[in-house]
Amino acid sequence: MDVKLERTDPFSNRVLACEARGGDACEAMVVVPTITRPGEPFTVGVSILDRFRLPSFEGADDVRLSAGDEDKDGMALSFSADQPAIVRVHGIVLEREGLHRLACRLNGQTFHSNPTLCTADSRRRQILWGDPHIHTILSDCHPDRCRSLNLACIASRDAYFLDWVTLADHVSNGRSSKGKWKAMWTAVDLFDDPGGFVMLPGYEASLQGWSGGDNNVYLLNDLPAYVDEYDSGNTLTLAKELGERLPQGAFFIVPHHTSRPGKHGAIPREIYPGADVMPVVEIHSKWGTSEFRGNPTPLKHGVADAPSFVRDLLAQGYHLGFVGGTDTHTTLTFARGIESPHIDRLPGLTAVQTNEFSRRGIFRGIQRRQCYAACGERMLIDVRISGARMGSERTVSLEAARRARTVRAQVAGITDLESVEIIRNGQVVHSATPEGWKTELNWRDTTPLDEVALTADDGAARFAYYYVRATTVGGGKVWSSPTRFVLACEPGRVVRPRVGLHAF
Ligand SMILES: [Zn+2]
Ligand SMILES: [Zn+2]
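Given the structure is predicted, the values throughout are model-derived calculations rather than measurements.

Moving on: helix α3 (residues 178-191). An α-helical turn contains 3.6 residues, so any two residues separated by three or four positions project in the same direction. Compared with an ideal rise of 1.5 Å per residue, which puts 14 residues at 20 Å, α3 spans 20 Å between its outermost C-alpha atoms and is within 8% of the ideal. Of the residues making up α3, those classed as buried are Lys180, Trp181, Met184, Trp185, Ala187, Val188 and Phe191. Down the axis of α3, the sector holding all buried residues measures 155 degrees, keeping them to one side. Looking at α3, the residues exposed on the side facing more than 90 degrees away from the buried face are Lys178, Lys182, Asp189 and Leu190. Contacts from the buried residues of α3 go to α2 (149-159), β13 (164-167), β14 (198-199), β15 (202-206), β16 (214-219) and α6 (359-367).

Per the counting criterion, the structure on display carries 23 salt bridges. For arginine 88, the salt bridge goes to aspartate 158, with nearest N and O atoms at 3.6 Å. Taken together, the positions of arginine 88 in strand β7 (residues 86-92) and aspartate 158 in helix α2 put the pair 70 residues apart, joining distant regions of the chain. A salt bridge links aspartate 445 to arginine 424, with the shortest nitrogen-to-oxygen separation between them at 2.9 Å. Pair noted here: aspartate 445 is in strand β29 (residues 438-445) and arginine 424 is in strand β27 (residues 417-424), with a separation of 21 residues, a long-range link. Given a relative accessible area of 11%, arginine 424 falls into the buried group. A single salt-bridge network, built from bridges that share partners, covers Glu27, Arg53 and Arg336.

Here the focus is the sheet that holds strand β1 (residues 4-6). Strand pairing within a sheet occurs via backbone hydrogen bonds; the two strands may be parallel or antiparallel. The sheet built from four strands is open, its strands ordered β1-β7-β4-β2 with antiparallel pairing. At either end of the open sheet lies a strand with only one pairing partner, and these are β1 and β2 (27-31). Between one strand axis and the next, the sheet turns by 20 degrees as a mean value, whatever way the strands run. Looking at chain direction, β2 and strand β4 (residues 42-49) are connected through five bridges and run antiparallel. Each residue of the ladder has a partner; that of valine 30, found in β4, is valine 46. Of the strands in this sheet, β2, β4 and β7 touch α2, which is tilted by about 45 degrees from β7.

By the criterion of burial, α2 is predominantly enclosed, with ten of the eleven residues buried. The opening residue of α2, the one whose side-chain oxygen lies 3.5 Å from the backbone nitrogen of asparagine 150, is serine 148. Count one or two residues on from α2 and you reach phenylalanine 161, which has phi positive near 60 degrees.

Below, the discussion takes up the coordination of the zinc ion (ligand 1). Looking at the metal site, the zinc ion (ligand 1) is ligated by Cys141 (SG), His170 (NE2) and His329 (NE2), spaced 2.0 to 2.3 Å from it. Mapped onto the sequence, the residues coordinating the zinc ion (ligand 1) show the spacing C-x28-H-x158-H. For the pair the zinc ion (ligand 1) and the zinc ion (ligand 2), the metal-to-metal distance amounts to 5.1 Å. With histidine 170 in the loop between β13 and α3 and histidine 329 in the loop between β20 (321-324) and β21 (348-353), this pair connects stretches of sequence that are 159 residues apart. Pair check on accessibility: histidine 170 and histidine 329 agree, each one buried.

What follows deals with the nonpolar core. Among the nonpolar cores identified, the biggest contains 125 residues, and Leu167, Tyr203, Leu242, Ile253, Phe322, Ile366 and Val411 are the most heavily contacted of them. When residues are assigned to domains, this core turns out to be shared by domain 1 (4-118) and domain 2 (379-504), each giving three or more. Of all hydrophobic cores here, the second largest spans 24 residues; its members include Ile48, Leu65, Met75 and Val89.

Attention now goes to the domain arrangement of the protein chain. Here the domain parsing of the protein chain yields domain 1 (4-118) and domain 2 (379-504). On a C-alpha basis, the centroid separation for the pair domain 1 and domain 2 is 36 Å. The partner domain 2 presents seven residues to the ten residues of domain 1 that form the contact. Interface area lost by domain 1 to domain 2 is led by Leu99, Arg101 and Pro115, which between them contribute 68%. One can count zero salt bridges joining domain 1 with domain 2. The interface formed by domain 1 and domain 2 holds one residue pair in polar contact (both at pLDDT 80 or more) in total. Its residues placed into classes, the side of domain 1 that touches domain 2 shows four nonpolar, five polar and one charged.

What counts and how
- Residues numbered from 1 in each chain as written.
- Chains lettered and ligands numbered in written order.
- Predicted model: local features only at pLDDT ≥ 70, side-chain atom pairs only at ≥ 80, totals over all residues.
- Heavy atoms only, no water.
- Helix = DSSP H or I, 4+ residues; strand = E, 2+ residues; numbered from the N terminus.
- Expected span 1.5 Å × (residues − 1).
- Buried < 20%, exposed > 50% of the residue type's maximum accessible area, 1.4 Å probe, protein only.
- Arc of directions from axis to C-beta.
- Contact = heavy atoms within 4.5 Å.
- Salt bridge = Lys/Arg side-chain N within 4 Å of Asp/Glu carboxyl O.
- Pairing = 2+ DSSP bridges.
- Axes fitted to C-alpha atoms, helices over the stretch in contact; angles between N-to-C directions.
- Polar contact = N/O pair within 3.5 Å; in protein donor to acceptor, adjacent residues only side chain to side chain.
- Donors = N, O, S within 2.8 Å, 3.2 Å for Na, K, Ca; no water.
- Core = buried A, V, L, I, M, F, W, Y, C linked by side-chain atoms within 4.5 Å.
- Domains from an automatic or database assignment.
- Buried area = accessible area lost by both parts, 1.4 Å probe.
- Nonpolar A, V, L, I, M, F, W, Y, C, P; charged D, E, K, R; others polar.

If you want it as structure tokens, here you go:
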């Protein structure tokens, strides 16, 4: 195999040494593209991390990467002291189709890469991994822990091999300025490198409880000044203000840690800006998971009494895909043990299915819900429900709604799978406990959809949604974006809005 090694450049080394200098080697992070093609060379990232998951500067020479189907002995890698222990190995090839993991030996321990699906099927789009929610020193929030914009981009790109990020710094409550806004855009311009590493511009616009809570705004194009509706606005007024400044489709808003007490993300119908403007919700961050009340990794801060979990929002009839982010206030997506104690759960991540490795590709992928959320591990998930892709919506006749649906899911983790569950309208309707790190699920749902359909809180639609959630023994999780089925109106049925639903 003809491989080439690429080390980090001197500027990256200096930035990492200044702000994220790691100690003794503790683990190997091995990152491969989630989709690879048989016979086509690709790049593997290897970074040796310390116990806080900062890149080690202590040197390592007992590292072996098993880099392909035939590579039983592995390739020796070495790292010198006083340099970040990071390398990109170009030219790795897999010949056999199917799910693979690479292995890396470090100090007698084996670490696996994220799974890759090697497939010749060109319909399987590339998957680009990112953290849409990084805070830097611009946030003036936890300034003792946050780091610079340079570090944010360099650590994400070089130490953790992410494909894209958003520096989603706070603007509300007087925490931004014209200068900070310009600094964010300068970093976006400096580091955006289509095909290599993408900067998705955005910021965090905080709102009050019952007004939508904390939301991030993501932008396709330049926005001369940020819009902040902190004191008196809500998700709808924020969307309207942005809509007056930007072309249609050039921004979207994403609620996050929606179960946070006080500033929770309950979204009454009168402030819901619509699925075009709010296509996804951040289901997990280092704060914890907001999927449903009672979930095993809730926000460490406690949870709101309001109906503000993701399950509540889906039940209202909002079509929301899922993203994961970190909300890191150390500026380091994978750092652990150095965040504030209430922001120290496993990192949330977003996987975007797109063949367009550019800002536009990432932006449109999320806007179209062609994405999924993960926590801790870059897991693979693909779900088809009677042919419908995850994140899509299908209108079905009453007759079709009464026919069985087939749920097919392909799932793989870095560590072994613990469970794979199919959720329909907030309920687990099927679960499996597979052995090993990969599985395929095939389940027929014979329940007539019209018997279990929910009614949107404005009475406009009867619908059902499905998603698949998988967990690993390593604490990893993945959530497919919900697939929604909307029942076509039955002849003669009069849809009456349900009143009083917002008076919780
Ligand atoms: Zn903050
Ligand atoms: Zn945040």
